[in-house]
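# Observations on the model geometry
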Amino acid sequence: MATITAQRTALARPARAARLPFTGRAVRTLAARRAALTAHNPRQVAVPLIGPALLALVVAPALKVATGGLHSHIDYTSFVGVGAVGLVVPLSCVFAGLSVIVDRHSGAQRELLAAPVPRSYLVLGNLLVAIGLSALQVTVLVGLSAIRGGQFHITATGAAWFVAAALLFTVFMYGVAETLASKVKKQEDYIGAVPAVAILPFFLAGALFPIAAMPAALTAIAKALPLTHALALLRYGFVDPRGSGLHDIWGMSNVTVEAWLSFAVLALFAVALTAISVRAFTRSAVR
Amino acid sequence: MAAERQDAPAVEAVALEKTYPGGLEAVRGIGFRVAAGEVFGLLGPNGAGKSTTIGMLTTTISPTAGTARLAGFDVVEQPLQARGVSSVVFQEPVVDRGLTGRANLELHARLWDVELTVAETRMSELGRALGIAEILDRPVESFSGGERRRLELARALISRPRVLFLDEPTVGLDPRIRVELLDVIAALRERERVTIVLTTHYLDEARRLCDRVAIIHAGEIVALDTPEALLAGLGGELLELRVDGDVSVALAALAAHGIAAGESLAIGQTLTVPLRQASAADAIAAIQGAGLSTSGISSRQPSLDDVYLRLTGEGLAEAA
């Protein structure tokens, strides 16, 4: 036993060199793994984009021609082009959540659970990739809308609002997807929840028309949806500097205050769903 | 982070229990200690509680009661530290098939905070030692079952763990690959100086690799000793025969002649008789003297299956 102990000492690890704190390194490692696996499955990148791209390329311009647009200062092609973000981000996040179920069924999750990193890092690593993927898809979508004649009014401040809204909404949606993946054990049951989670809000949150165009009861429901606030901020950033969407929600005279209020709502939802998803994952992953 | 205790046992489990939702008691008060450098086996059939025990020790399953420590770190109170000193190869293959072998190893190295240059050296060493150096840069989906298992072993060892858990490492592999992998695992102990906790339902694995074996039945340890000591309890030779008639009469006849008194075991019409001082002929004569006929007579050395049978009334193969 003394010999084994002596040899164990001789094999001890060398002192650590200065490098990134372990926290960042662990999360980056998990994100890199998820990114590599996603790259191995290009459908995960392309498929969520198909429907929203059709909206931007075909539906919005056609509706504009057929109906004459919104009868306001807002260009309908860019209005729907940005509205389609409300579909691509949820679909992309739902796909990402499916990977969590695949990891669980394949056993890969168990290997990660045995790693000396906090369990929350597994969620955060996946979230980073979901953000990157959504950023790519949103960029493509806006580009397609611009190609089809969408009119955008982009300033530095507007871009900041747009990026902040897209980021917070992605964080929120990934939290929803991760929570759902932790609660639902089977892939088919998870897929069955997609319409309620990713598609229904799209039709209520002002993606295709202003929420004020709906009956009062539905407008009230829309105001409670994070997507409504996200779309209003996205359009305020890139399409409508007057903030008509924000005004439909808050009814105030100061659009900047309205923007910050919607930002706060989105931030609250994003933080809450991230916390819920980490808790749900931790509780479901360890039996 | 508290420093690991060099004087602590590598693994210490005290009254571990696990009851799953629905009331299934998978582990019922298991306790054992494993010294540093030891190869310790958990032997039992499927459903005995081996994998659940490993799960609790590796923090992937939360205990209902009891405590466990790895190199002095409590698995519930200090889970990160406990995971940091251990590695596990699970029963199901868990490599990322979409990545290369090298990428799988690098992932593990980063998560266990192994410095990159050290990790690269370890990958080369382990690749050569485990015979997978030539295929590390191929996608894992192209690996055979045996190659994936070797990759998993390499991955588990890259961080130089204090404790290596192997959960049924050869299950599902064909016999030739099994033998090769057993050779690899046997060499690990000398090469890596690592404590190994191994679960298996294969008797040859337990006998060949383990310094001590804990026999698990229905969530409890029913025996714990070296394989030799467990087998010594049955003597050097077993007589096995079928009895045509009432086996209790045969058992009584053996006892009356002072042969394996209280040690003979009847499963159906088959008697297993540990021969110590008596001979096979004496035992057969005693049974036939009671008016019973015998058939299918054979003698053999006792195995761990016989030990298990004696302790639980079931064979390992039957229980599985």
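Our subject in this report is the structure included herewith. (Residues numbered from 1 in each chain as written. Chains lettered and ligands numbered in written order. Predicted model: local features only at pLDDT ≥ 70, side-chain atom pairs only at ≥ 80, totals over all residues.)

## Section: the overall build of chain A
Worth spelling out the cut-off: Helical segments are the DSSP runs of H or I of at least four residues, strand segments are the runs of E of at least two, and each set is numbered from the N terminus. With C-beta atoms placed from the backbone, a residue is labelled by how many other C-beta atoms lie within 10 Å of its own: buried for 20 or more, exposed for 12 or fewer, partly exposed between the two. By definition, residues are in contact whenever their C-beta atoms, placed on the basis of the backbone, come within 7 Å of each other.
Across its full length, chain A holds 14 helices and zero strands. Principal-axis analysis of the C-alpha atoms gives chain A an extent of 85 × 40 × 35 Å. Among the 287 residues that make up chain A, the fraction classed as buried is 46%. Sequence-distant contacts, at least 24 apart, represent 78% of the contacts inside chain A between residues at least 6 apart.

## So, the overall build of chain B
The secondary structure content of chain B amounts to 12 helices and 14 strands. Taking the principal axes of its C-alpha atoms as reference, chain B extends roughly 75 × 40 × 40 Å. A buried classification covers 45% of the 320 residues belonging to chain B. Nonlocal contacts in chain B, meaning residues at least 24 apart in sequence, comprise 70% of its contacts between residues at least 6 apart.

## Re the interface of chain B and chain A
Keep this limit in mind: Residues are grouped as follows: Ala, Val, Leu, Ile, Met, Phe, Trp, Tyr, Cys and Pro are nonpolar; Asp, Glu, Lys and Arg are charged; every other residue, Gly included, is polar.
Opposite the 29 residues of chain B that make contact, chain A presents 30 residues. Where the side of chain B that touches chain A is concerned, the elements lending two or more residues are α2 (79–84) and α3 (101–111) of chain B. It is α3(B) that contributes the most residues to the side of chain B that touches chain A, four residues altogether. Residue composition of the side of chain B that touches chain A, grouped by class: 15 nonpolar, six polar and eight charged.

## Focus on the pairing of strand β10 (residues 220–225) of chain B
Residue and element names in this part refer to chain B. Rules: Here, a strand pair is defined by DSSP locating no fewer than two bridges between the strands.
Bridge count between strand β9 (residues 212–217) and β10: five bridges; the pairing is antiparallel. From the neighbouring strand, Ile216 faces β10, where its bridge partner is Ile221. Connecting β9 to the antiparallel partner β10 that follows it, the hairpin turn spans two residues, and Ala218 within it adopts a positive phi of roughly 50°.

## Quick word on the sheet that holds strand β14 (residues 293–300) of chain B
Residues and elements named next belong to chain B. What counts is decided by this rule: Axis lines are fitted through C-alpha atoms, for helices just across the contact stretch, and the angle between N-to-C directions can take any value from 0 to 180 degrees.
Read from one edge to the other, the open sheet built from four strands follows the order β12-β13-β11-β14, with strand pairing classed as antiparallel. The sheet is open, and its two edges are formed by β12 (265–267) and β14, each paired on a single side. Averaged over all adjacent pairs, the angle separating strand axes in this sheet is 20°, with direction ignored. Looking at chain direction, strand β11 (residues 237–244) and β14 are connected through six bridges and run antiparallel. Looking at β14, one finds that Val243 is bridged to Thr294.

## Thoughts on α3(B)
All names here are of chain B. By the criterion of burial, α3 is predominantly enclosed, with nine of the 11 residues buried. For α3, the full list of buried residues reads Gly101, Asn104, Leu105, Glu106, Leu107, His108, Ala109, Arg110 and Leu111. With its phi angle positive at about 60°, Asp113 sits one or two positions after the end of α3.

## Some points on the sheet that holds strand β6 (residues 86–89) of chain B
All names here are of chain B. Strand order in this open sheet of six strands is β6-β7-β8-β3-β9-β10, and the pairing throughout is mixed. Both outer strands of the open sheet, β6 and β10, are each paired with one neighbouring strand and no more. Going from strand to strand, the sheet's axes swing by 15° on average, the running direction of each strand aside. Against the sheet, helix α5 (residues 145–157) engages β6 and β7 (163–167), with an angle of about 170° to β6.

## Overview of the nonpolar core
Test applied: To form a nonpolar core, buried Ala, Val, Leu, Ile, Met, Phe, Trp, Tyr and Cys residues must be joined through C-beta atoms within 7 Å. Segment limits for the domains were obtained from an automatic or database-derived domain assignment.
Of all hydrophobic cores here, the largest spans 172 residues; its most connected members are A:Ala165, A:Phe169, A:Phe172, A:Leu234 and B:Leu254. The greatest single-element share of this core, amounting to 14 residues, is contributed by helix α8 (residues 156–183) of chain A. A domain split of this core shows at least three residues from each of domain 1 (11–230) and domain 2 (235–301) of chain B.

## With respect to helix α14 (residues 255–285) of chain A
Residues and elements named next belong to chain A. Selection criterion: To estimate how far a helix should extend, the number of its residues minus one is multiplied by 1.5 Å.
Between the first and last C-alpha of α14 there are 44 Å, a value that for 31 residues agrees with the 45 Å anticipated at 1.5 Å per step. Within α14 the residues assigned to the buried category are Glu258, Ala259, Ser262, Val265, Leu266, Phe269, Ala270, Leu273, Thr274, Ser277, Val278 and Phe281. Among the structural elements, α7 (120–147), α8, α12 (226–238) and α13 (244–250) are those in contact with the buried residues of α14.

## Section: the packing of helix α4 (residues 76–83) of chain A against α12(A)
Residues and elements named next belong to chain A. Put simply, the test is: Here is the rule for angles: anything less than 35 degrees is roughly parallel, anything more than 145 is roughly antiparallel, 65 through 115 is roughly perpendicular, and the remaining ranges are oblique. When the near helix sits turned anticlockwise from the far one by under a right angle, the crossing is termed left-handed; a clockwise turn instead gives a right-handed crossing.
Orientation of α4 relative to α12, taken along the N-to-C sense of each, is 135°, at an axis distance of 9 Å. The angle between α4 and α12 falls in the class oblique. Between α4 and α12 lies a crossing whose hand is right-handed. Where α4 abuts α12, its residues Phe79, Val82 and Gly83 lie against Leu231, Leu234, Arg235 and Phe238. Taken together, the residues of the contact of α4 with α12 sort by class into five nonpolar, one polar and one charged.

## What about the environment of B:Glu115?
Residues and elements named next belong to chain B. Within the secondary structure, Glu115 sits in the loop between α3 and α4 (116–129). Note on Glu115: 16 C-beta atoms within 10 Å, which makes it partly exposed. Distance from Glu115 to Ser159, taken between C-alpha atoms, is 9.6 Å for residues 44 residues apart in sequence.

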